[in-house]
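# Residue-level structure breakdown
Residue strings, one per chain:
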Amino acid sequence: MSTSTGTDHSLDSFGDATASATRVTPGNALRPEDIALQDTAPATEAIAQYALRLGDDALIYAQRNAHWVSRGPELEEDIALGNITLDQLGHARSFLTYAGKKWGKTEDDLAYWREEEEFTSLHLVEQPNGDFAETTVRGLFLAIYQHLLYTRLLESSDRTLAAISAKALKEVDYHLEHAELWTLRLGQGTEESARRMRRALEKLWPYVEELFQDEPLYEELEGVAPRPSSLREEWDARLADILERAGLAVPEVPYAMCFGRRGEHSEHLGYILAEMQVLARKHPGATW
Amino acid sequence: MAVHQETGGHLTAVQSPEDAEGQARFDAIIAEDSRIEPRDWMPEAYRKSLTRQMSQHAHSEIIGMQPEANWITRAPSLKRKSILIAKVQDEAGHGLYLYSATETLGTDRDTLNDQLLAGRAKYSSIFNYPARTWADMGAIGWLVDGAAIANQVPLCRASYGPYGRAMVRICKEESFHQRQGFEILLELANGTEAQRKMAQDAINRFYAPALMMFGPSDNDSPNSKQSMAWNVKRFSNDDLRQRFVGMIAEQVKVLGLTLPDPELRYDEETGQWIHMELDWDEFNRVIKGGGPCNAQRMARRREAHEEGAWVREAAAAYARKQQEQKEQVA
Amino acid sequence: MTMSTPQDAQHNASSAGWPLWEVFVRSSRGLSHVHAGSLHAPDAEMAVRNARDLYTRRNEGVSLWVVRSTDIMTSDPEAKDAMFESPKGKDYRHATYYTKSEGVKHL
C-alpha cells in the first residue's frame, strides 16, 4: 500500500499547508553500500586491520547504545540517543565494509561470524550503559576521541578512510555537542546528578588509557593514520575544559590494563556478541 | 462553561449566548468541512473525545516501540539493524507529534503520561502480543503498520487541524515502515525452509490481531457515529477493515504465503471482502489488561519514566540556575 | 471570551518543569520558516537539539527556530470577524481589480 498516491475516496490528499515543513529528501552522503561497490580495497593488510578497529569500536558502541531505544529518560532524549546510535552503526558499517574488501568478507561476515578474540574493540565501548550519567560520560570520552581522530584522518593518504571520516566527523560533531550539553546539565543540575556524574567518571576513567595506546601496527600506517598517543594532549585539554565548566574533575583512579586491540576483551563482550550474533548464527548461509 | 446533557446519543446543551454563538460557528465550520483550530470554541464533548483518541494514539506509538525494540540487538544483519532502529525511533517521534497535538486541546503531556502509567489510558491492544521471532518484525511492519496506515490516512483530513497535520507527517514517514516489513517477509519467504516457516508462523499469529486493530464492528462501536458527524473519522471500522483485508489478500500472493483465514473471499455481489469471525472476547480480555504482555509493557514504560526522573529534574534545575544568573547580570 | 485558551494552559509543569516549545523549520534556502509542531525541553539550547532530532530526521530543514509556547501572542479567534473584516471589500488592493488594462504587455 502506498500513502502517496490516491486510489479512491481521495484518501491520500495531504494538502499544502504543511508541505514546506515536512519536505523529505534523501540527502547525499557516503553510504556503506557505496563503499561496497567501489573497486578499491585497502592497499595493505595494516590498513584493513586499522579500518577493522574503527569499525569494531563504532559497532560495539552502537550495540550498547541501542539498548536505550524505548528506555530514554524522556521521549525527546530517546530520539537523540537513537540518532547517535544510528550514526555510529553507519560508521561501523562503512569501516567494516572497507576492511572486509581486503579479505573478501562483507560487513555482516565480520560482525556476525568472528569470534570474541577476533574483535578489536576498546574496553570503553564494551562497558555497560549503566545509568544516564554513565552513558553520558562514555559518550563524552568517545566523542572527543572520535572527533580528534576523524579530523586527523581527513588528511589520510588512504582516500576511503578520509572519505568515511569526513562523513563521520560531521555526525560526531553533533555527538560531542550532545555529550557536552548533558555533561554541563548533569554536572551542575542537582546534588544527585552531580554525584552520579562523579561516580560515572570514576567508573569509566580506568578505560581511558587504552584509547591512546600505540600498537606496532602503526609502524605500517605512516601517513595513513595518526598514532593514538598523539591525540592525548588535546583530548585531555578538551575534556578538562568541559569538566571544569560542569563543576567536575578528572578522577584519581588507576588505569586498567586493557588490550582489546589484540583480542583480549572485557568480560562483557562475550555477552554482547552472544546477543548480537545469536539469530544470524542459528541460520548459517541465510540472507535477511 | 456550558452544561451538557446526553440525550439519545446526541448532545444538546443548556448554553450561554456566547456558547450558542460558538456552537453555531463550530457547526458551520464542520458543515463546510473546514478545520477547527486550538483556540476556536469547541463543544466540550469534541475536546474530550479528541483528547482521548489522540492520546490513545500517542500511547500506542510509544508502547508500540517495545516489541520491535526487543529485536534491535539481535537483528540478523547490520542493514536490518539500522532500519529497525530508525523505525522504532520514528515511533517515538510519532508519539511526540501526537502528544504535542493533544496538548493543544489543553491537557499537558505529563497528565497524559500519568494516565498511561496509572493504567487509566488505553493503547492499541496489538502491542500486548509478544514479538517472538525475527519474522514478527516483518509481520508487524506489513500487517500492523499496514492496518495503522489504513486507519491513519483518512485521519489526515480530521476536522481538528493539529491532529490532521500530525497525521500528515506521520503518514509520510510511515510509508517506509510497511515496506520494510513486507521486504523482511519476502526475504524470509524466499529463504531457507526454516525462514519460510518462521514467516508463515508470524503471519498466522498477527493476522487476526491486525484485523482487530480497526476496532469492533460498527454496530458495537458507540463512538463511531459521533466521530463521523464531527468529521474526525471518515470511514467506518468495518469499511476500513475490509478494504485492508482486500489489499493484504493480494499482497500475500507476492510472498507465496497464506493468510490463516479459510473463509476469506471476495463477494462479487456486494463488492465486499468476507473474512472470518474475529474473537472479540480475546480482544476485550487484552484491552482489559489480560494480554500476554500488558504487564510487561507497562512495567517497562514505568521503569523508564522513573529512572529518568533525576535526569529531567537535573536539566530543569540547570535551566533555572542559568535563568537566575542571567537575571542577576541584567 | 468564555472559553479558556488551551495553549495558555498550565504547560509549565510538564516533564519536571520542561516547558513546551514551538518549532519552526526552514526546509530550504529561500523559503520561510514554517511551524512544524512542538516539543518539550529544559532550555532553549536543548530545544534546538531536540527539534533537530525530532523534526529534521529526513533532511526536512536547513534552519530551525524554537520559541516558548507561552511567548506566542495570537489574535483572538472570537474576534475573528472584526479582526479580519477590514481587508474584505477592499479588492482594489488586488491587481485583478484593474480590468481595463488587461492585455497591455508587461503591466
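Residues numbered from 1 in each chain as written. Chains lettered and ligands numbered in written order. Predicted model: local features only at pLDDT ≥ 70, side-chain atom pairs only at ≥ 80, totals over all residues. Heavy atoms only, no water.

### What to know about the overall build of chain B
A tally of helices and strands in chain B yields twelve helices and four strands. Whereas a compact globule of 330 residues would reach a radius of gyration of roughly 20 Å, chain B reaches 22 Å, a difference of no more than 12%. Projected onto the principal axes, the alpha-carbon positions of chain B cover approximately 70 × 60 × 35 Å. Looking at chain B residue by residue over its 330 residues, the buried ones come to 59%. Taking the intrachain contacts of chain B between residues at least 6 apart in sequence as the baseline, contacts between residues at least 24 apart amount to 75%. A total accessible area of about 13500 Å² is found for chain B, and carbon and sulfur atoms account for 49% of it. (Helix = DSSP H or I, 4+ residues; strand = E, 2+ residues; numbered from the N terminus. Rg over C-alpha atoms; globule rule 2.2 N^0.38 Å. Buried < 20%, exposed > 50% of the residue type's maximum accessible area, 1.4 Å probe, protein only. Contact = heavy atoms within 4.5 Å. Areas by Shrake-Rupley, 256 points an atom, 1.4 Å probe, with all protein chains shown as cover.)

### Let's talk about the interface of chain A and chain B
Facing 60 residues of chain A, the contacting portion of chain B comprises 62 residues. In total, chain A and chain B occlude about 5600 Å² of area from one another, counting both sides; carbon and sulfur atoms represent 64% of this. Applying the counting criterion to the chain A and chain B interface returns two salt bridges. Among the ionic pairs, A:Glu76 bridges to B:Arg109, the shortest N-O distance being 2.7 Å. Here chain A and chain B share 18 residue pairs in polar contact (both at pLDDT 80 or more) between them. Of all elements in the fold, only helix H2 (45-65), helix H3 (75-100), helix H4 (107-113), helix H6 (132-153), helix H7 (159-188), helix H8 (191-204) and helix H10 (268-282) of chain A reach the threshold of two or more residues within the side of chain A that touches chain B. Ranked by residue count, the leading element in the side of chain A that touches chain B is H3(A), at eleven residues. A breakdown of the residues in the side of chain A that touches chain B according to their chemical character gives 26 nonpolar, 19 polar and 15 charged. (Buried area = accessible area lost by both parts, 1.4 Å probe. Salt bridge = Lys/Arg side-chain N within 4 Å of Asp/Glu carboxyl O. Polar contact = N/O pair within 3.5 Å; in protein donor to acceptor, adjacent residues only side chain to side chain. Nonpolar A, V, L, I, M, F, W, Y, C, P; charged D, E, K, R; others polar.)

### Topic: unusual backbone geometry
Positioned with a positive phi, B:Asn231 is a non-glycine residue whose angle comes to about 60°. Assignment of secondary structure puts B:Asn231 in the loop between helix H9 (222-229) and helix H10 (237-255). In this structure, C:Asn59 is a non-glycine residue whose phi angle is positive, near 60°. Relative to the helices and strands, C:Asn59 is located in the loop between helix H2 (44-55) and strand E3 (63-68).

### Description of the packing of aromatic side chains
Scanning the model with the defined rule gives 21 aromatic pairs over all chains in all. Between B:Tyr46 and B:Trp230 the ring centres are 5.3 Å apart and the planes differ by 90°, which places this aromatic pair in the edge-to-face class. Of this pair, B:Tyr46 sits in helix H2 (residues 44-63) while B:Trp230 is found in the loop between H9 and H10, placing the two residues 184 residues apart along the sequence. For B:Tyr46, a relative accessible area of 0% translates into the label buried. Aromatic side chains C:Tyr97 and C:Tyr98 sit 5.0 Å apart centroid to centroid with 80° between the ring planes, which places their arrangement in the edge-to-face category. (Phe/Tyr/Trp six-rings, centres within 6.5 Å; stacked < 30°, edge-to-face > 60°.)

### With respect to the nonpolar core
Ranked by size, the top nonpolar core spans 197 residues in total, and within it A:Phe141, A:Trp235, B:Trp134, B:Trp142 and B:Tyr163 carry the most contacts. Excluding its chain neighbours within four sequence positions, the residues that come into contact with B:Trp142 are B:Gln178, B:Gly181, B:Phe182, B:Leu185, B:Ile203, B:Ile248, B:Gln251, B:Val252, B:Leu255 and B:Leu259. (Core = buried A, V, L, I, M, F, W, Y, C linked by side-chain atoms within 4.5 Å.)

### Some thoughts on the confidence of the model for chain B
For chain B, mean pLDDT is 92; residues scoring 70 or higher make up 96% of the total. Across residues 1-10 of chain B, where pLDDT falls below 50, the model places 19 contacts with residues more than four positions away in sequence or in other chains. (pLDDT = per-residue confidence, 0-100.)

### Focus: the sheet that holds E3(C)
Residue and element names in this part refer to chain C. Strand order in this open sheet of three strands is E2-E1-E3, and the pairing throughout is antiparallel. The open sheet is flanked by strand E2 (33-40) and E3, the only strands paired with a single partner. Going from strand to strand, the sheet's axes swing by 25° on average, the running direction of each strand aside. (Pairing = 2+ DSSP bridges. Axes fitted to C-alpha atoms, helices over the stretch in contact; angles between N-to-C directions.)

### Things to note about the environment of B:Pro162
Residue and element names in this part refer to chain B. Within the secondary structure, proline 162 sits in helix H7 (residues 161-189). For proline 162, a relative accessible area of 9% corresponds to the buried category. Residues proline 162 and serine 34, 128 residues apart in the sequence, show an inter-C-alpha distance of 13 Å.

### So, the packing of H6(A) against helix H9 (residues 232-245) of chain A
The axes of two packed helices give the description: the angle between them and the distance between them. All names here are of chain A. Where H6 contacts H9, the two axes come as close as 10 Å, and the packing angle between them is 140°. By the angle between their axes, H6 is oblique relative to H9. The element H6 and its partner H9 pack so that their crossing is right-handed. Contacts between H6 and H9 pair Leu140, Phe141, Ile144, Tyr145, His147 and Leu148 from the former with Glu234, Trp235, Arg238, Leu239, Ile242 and Leu243 from the latter. (Parallel < 35°, antiparallel > 145°, perpendicular 65-115°, else oblique. Left-handed = near helix turned anticlockwise from the far one by under 90°.)

### Some details on the side chain of B:Asn231
The class of B:Asn231 is buried, set by a relative accessible area of 14%. If we ignore the near neighbours within four places in the chain, the residues touching B:Asn231 are B:Ile30, B:Asp33, B:Arg157, B:Ala158 and B:Ser159.

### Topic: the pairing of E2(C)
Where a strand is regular, its side chains alternate between the two sheet faces. Residue and element names in this part refer to chain C. Among the eight residues that make up E2, six are buried, leaving the element largely enclosed by the rest of the structure. Of the strand pairs in this sheet, strand E1 (residues 20-26) and E2 are connected by seven bridges, and their pairing is antiparallel. Looking at E2, one finds that valine 25 is bridged to valine 34. Once E1 ends, the chain turns through six residues before running back antiparallel as E2, passing glycine 30 with a positive phi of about 95°.

### Quick look at helix H4 (residues 78-103) of chain B
Between its first and last C-alpha atoms H4(B) spans 37 Å; for 26 residues at 1.5 Å apiece the expected length is 38 Å, and the two agree. Most of H4(B) sits out of view: 23 of its 26 residues are buried. (Expected span 1.5 Å × (residues − 1).)

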